[in-house]
Protein chains: 2
Amino acid sequence: MLNFDMYMPARIVFGRDTEKKIGELIKPHTKKVLLHYGGGSIKRSGLYDTVVKSLLDNKIDYVELGGVVPNPRLSLVHEGIKLCREENVDLILAVGGGSAIDSAKAIAMGVYYDGDVWDMYDKGLPIEKALPVAIILTIPAAGSESSGDTVISNEETGRKYGYGSPHLRPLISVMNPELFFTLPKNQIANGVADMMSHIFERYFTNTTNVDLTDGLCETTLRTIISNAPKLLENPEDYNAWAEIGFAGTVAHNGLLGMGREQDWACHGMEHELSAAYDVAHGAGLAVLTPAWMKYVYKDNIDMFAQFALNVMGVSKGLRDKEALVKEGIARLQEFYRRMGLPQTMEELGIDDSRLEEMAQKCTGHFYGQENKIGGLKKLGWQDVLNIYNLAK
Amino acid sequence: MLNFDMYMPARIVFGRDTEKKIGELIKPHTKKVLLHYGGGSIKRSGLYDTVVKSLLDNKIDYVELGGVVPNPRLSLVHEGIKLCREENVDLILAVGGGSAIDSAKAIAMGVYYDGDVWDMYDKGLPIEKALPVAIILTIPAAGSESSGDTVISNEETGRKYGYGSPHLRPLISVMNPELFFTLPKNQIANGVADMMSHIFERYFTNTTNVDLTDGLCETTLRTIISNAPKLLENPEDYNAWAEIGFAGTVAHNGLLGMGREQDWACHGMEHELSAAYDVAHGAGLAVLTPAWMKYVYKDNIDMFAQFALNVMGVSKGLRDKEALVKEGIARLQEFYRRMGLPQTMEELGIDDSRLEEMAQKCTGHFYGQENKIGGLKKLGWQDVLNIYNLAK
């Protein structure tokens, strides 16, 4: 086990009707809120009215900024920063999924920075503080409701970068599984693929003597795999949503990766797909992850055999380790298929024309650097290209 | 799954040499520290010198108060409160195990309360604030390094009560498994029994649809059960200590009980043993827990069958559920035996003379109340007496 520093301060208020308490929950922390959200879905569902009522009931002043889109844009972040400064906002309340939350975090740190907040994403500048962010989660997927991470797309340069800081850990995240009932099936599936990937990125490691986190990863994955298909049958299955929602938070609050070298190659490779083709993050991960597994498993076959046995439920009876691993990967692909997720680059609408460019952007080669990505196996741009090709 | 409110703000700094960074870690939060600890062991081991050096290197002023004993005493808490007020202490640094930490938390809230801090334990008065508490853990067991709980013994009245508040969650807990190398075998075993009980109290529940936390509890228990015996073989096994130390924190930071009705009958019953006979908490739990299981399992046989299968590794081949459950309990007792833990009241040095008195104190009957304890099965004082007798 490696040394680690675990910090998970986000308070998670979970369950039925919890969104109605948002005003009461944030009242001790704010005088004026920026209400930040996406499109019209929270207005159609009545959630917007519920939130505004709770703010008004608790005498909390607010301004609002809607219009967050998937793969959230830097331009809206700039708008939010300006608004927060003009209106003396002291807390940002994001109502939505990972995009609204990531956009809120970008605004939260940008308010305290004189330059362009893109500097954080582009140059990794450290931050000393950020406005507190509270959340009402409407899409369990990104885990941004518990993490200190944010991913923003710069629409001018076509780049999509992540940034993380303990100062960006949310203050309070409210999660009522009932709010997930109206999600379309493809969003359910994308979310599930995303949260599973957050665990895979931590789980697949060369670090040994990590029994506890191995087990925590495995049981969280099994919980997702056993409950997610129920949601396609019945999107109003509260119990299954509660498992999936809670699992999505645990997947990304940090705990499951403590003491382990982490990987994150699949996330890196997928961000290029999202930036270039605006594909859904989860869909891209579902296509890339099995290809990545096939490409790297020989570098640590024991880890992938453990995955096959303990996560995908392959029996020990298989004649050799390699067969065991292949069966594990096949079962994962079968699970993605059952969830209606795409299996190939073609299904994502991605042809060969930009694979090399994306591979070279992913590792910095395109920009004159030669970074390697990944932990379990270090990947150069040629490796990434090979994996993109394996995923065709 | 029940609604829940999860709050785990304690930062855990884990691994080799981390205790040397204590000054640097707390420097942003303090000008003057109360260094709070037990007996001479931290002086003999050199840890005291390491801590003081780190404080001085970081120009942090300190006063100190040693003398914490197992089942920590109210009188020393009073002394600490007085000292903190006189010396304008703004942070308490506990160096030790659960006793030093629990004593530190009592002082931390007592500083802001005009009356006797025992009122919190006795009357459950709410608190609004407390001094921040930082920790260097030397005994993994109580989980107090991550929890908002404290247990104090009032030596005048012979009562041992617990209290909990989010304001008592530690600020920072430093955990270097190397500091555990010198623990005697009985303390290792007691600590293991205590952390397992923290999981049992959350795991055994009538709440259904809690797949994720079921799995998290089970894998944490399995990690403890597989690693603890290694420590008796080799008390300097870093890897095994890392698993046990981390598991002890996860066992009690709250996560594993979220969304579940919890039990806590065994802890309540054991506190009476500790208060009356000053037995080690973990030893008392090892004696009482199997007796409690035998007394209550018929009220939720499926839960205990799941425990036998998923935690104790009993095969499904057994002819009936009852046999499965009994084998699970027998294996738990066998594990405790291997760890050198006591099996009976007699081995704890407890005869029949005060069983009824303790049972009546435990449920308040002795004080003119008629409370029931427990979650999975509600227990009156006669039930508690039956369990004490089963444990003879």
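Peer 1: What is the right way to look at the overall build of chain A in this model?
Peer 2: Check the secondary structure of chain A and you find 15 helices and 8 strands. The C-alpha atoms of chain A give a radius of gyration of 20 Å, which matches the 21 Å a tight globule of 392 residues would have. With the C-alpha coordinates aligned to their principal axes, the bounding extent of chain A is approximately 65 × 50 × 40 Å. Within chain A, buried positions represent 56% of all 392 residues.

Peer 1: Sorry if this is basic, but what is going on with the domain arrangement of chain A here?
Peer 2: Put simply, an interface is often sized by how much accessible area is lost when its parts join up. Residue and element names in this part refer to chain A. The domain boundaries assigned to chain A delineate domain 1 (11-179) and domain 2 (184-390). Between domain 1 and domain 2, the contact holds 19 residues from the first and 24 residues from the second. Going through the elements one at a time, β1 (4-14) and β7 (159-164) are the ones with two or more residues in the side of domain 1 that touches domain 2. Partitioning the side of domain 1 that touches domain 2 into residue classes produces 9 nonpolar, 6 polar and 4 charged.

Peer 1: Would you take a moment to explain the interface of chain A and chain B for this structure?
Peer 2: Facing the 33 residues of chain A at the interface are 33 residues of chain B. Within the residue set of the side of chain A that touches chain B, elements represented by two or more residues are β1, α8 (211-233) and α9 (238-252) of chain A. Here 7 bridges tie β1 of chain A to strand β1 (residues 4-14) of chain B, and the two strands are oriented antiparallel to one another. Paired with D5 of chain A across the strands is V13 of chain B, a residue of β1 of chain B.

Peer 1: What is the right way to read the packing of helix α11 (residues 281-296) of chain B against helix α15 (residues 381-390) of chain B from this model?
Peer 2: Angle between the axes and distance between the axes: these two values describe a pair of packed helices. Residues and elements named next belong to chain B. With their axes 8 Å apart at the nearest point, α11 and α15 run at an angle of 120 degrees to one another. Comparing their axes, α15 and α11 come out oblique. Once α11 is placed against α15, the crossing between them reads as right-handed. For the pair α11 and α15, the contacting residues are L288, A291, W292, K294 and Y295 in the first and N386, I387 and L390 in the second.

Peer 1: I tried to follow the relation of the copies chain A and chain B on my own but got confused; where do I start?
Peer 2: There are two copies of the chain, and a rotation about an axis plus a shift along that axis relates them. Here chain A sits on chain B after a turn of 180 degrees about the axis and a move of 0.0 Å along it, with an RMSD of 0.0 Å. Within this description, the copies of the chain are treated as partners about a two-fold rotation axis. The rotation axis passes nearest to the C-alpha of P9 of chain A in chain A, at a distance of 1.9 Å. A shared binding surface is used by both copies, with 100% of the interface residues of chain A retained as interface residues in chain B.

Peer 1: Whenever I open this one, unusual backbone geometry confuses me. Can you help?
Peer 2: All names here are of chain A. Unusually for a residue other than glycine, K59 sits at a positive phi of about 55 degrees. Mapped onto the fold, K59 is located in the loop between α3 (47-57) and β3 (61-65). Since 9 C-beta atoms lie within 10 Å of it, K59 is described here as exposed. We note that W264 has phi near 70 degrees; this positive angle belongs to a residue other than glycine. Inspection of the secondary structure assignment puts W264 in the loop between α9 and α10 (265-277). Judged by C-beta crowding, with 17 C-beta atoms within 10 Å, W264 ranks as partly exposed.

Peer 1: Hey, could you run me through the packing of helix α8 (residues 211-233) of chain B against helix α9 (residues 238-252) of chain B in this one?
Peer 2: All names here are of chain B. Two elements in contact, α8 and α9, have axes separated by 9 Å at closest approach and are oriented at 140 degrees. Crossing geometry of α8 relative to α9 is assigned as left-handed. Residue-level contacts link T220, T223, I224, N227, A228, K230 and L231 of α8 to A240, W241, E243, I244, A247, V250 and A251 of α9. Here the contact of α8 with α9 is composed, by residue class, of 9 nonpolar, 3 polar and 2 charged.

Peer 1: In this structure, what is going on with the sheet that holds β1 of chain B? I would like to understand it.
Peer 2: Picture the strands of a sheet paired through backbone hydrogen bonds; they go either parallel or antiparallel. Pairing is mixed across the open sheet formed by 12 strands, whose spatial order is β3(A)-β2(A)-β4(A)-β5(A)-β8(A)-β1(A)-β1(B)-β8(B)-β5(B)-β4(B)-β2(B)-β3(B). Edge positions in the sheet fall to β3 of chain A together with β3 (61-65) of chain B, since each of these pairs with one other strand and no more. Neighbour-to-neighbour, the strand axes of the sheet open up by a mean angle of 25 degrees, direction not taken into account. Looking at chain direction, strand β2 (residues 32-37) of chain A and strand β4 (residues 91-96) of chain A are connected through 5 bridges and run parallel.

So, how was this worked out
- One numbering rule holds for all chains: residues counted from 1, following each sequence as written.
- Both sets of labels track the order of writing: A upward for chains, 1 upward for ligands.
- The predicted origin of the model limits local features to residues at a pLDDT of at least 70 and limits the giving and counting of side-chain atom pairs to 80 or more, whereas totals for whole chains, interfaces and linings rest on all residues.
- Put simply, DSSP H or I for four residues or longer makes a helix, DSSP E for two residues or longer makes a strand, and each gets a number counted from the N terminus.
- For this measure, only C-alpha atoms enter the radius of gyration; the expected value for a globule follows 2.2 Å times N^0.38, where N is the number of residues.
- Three exposure classes are used, all based on how many other C-beta atoms lie within 10 Å of a residue's own C-beta (placed from the backbone): buried at 20 or more, exposed at 12 or fewer, and partly exposed between those limits.
- These domain boundaries are the output of an automatic or database domain assignment.
- We call two residues in contact if the C-beta atoms placed from their backbones are at most 7 Å apart.
- Classes in brief: Ala, Val, Leu, Ile, Met, Phe, Trp, Tyr, Cys and Pro nonpolar; Asp, Glu, Lys and Arg charged; the others, Gly included, polar.
- Strands pair, by our definition, only if DSSP identifies at least two bridges between them.
- To get an axis, a line is fitted to the C-alpha atoms, and for a helix only the part in contact is used. The angle between two axes follows their N-to-C directions and goes from 0 to 180 degrees.
- For classification purposes, an angle smaller than 35 degrees is called roughly parallel, one larger than 145 roughly antiparallel, one from 65 to 115 roughly perpendicular, and anything else oblique.
- The sense of a crossing depends on the near helix, which, turned anticlockwise from the far helix by less than a right angle, makes the crossing left-handed and, turned clockwise, makes it right-handed.
- When the copies are superposed, the least-squares fit takes in the C-alpha atoms of residues with a pLDDT of at least 70 in both.

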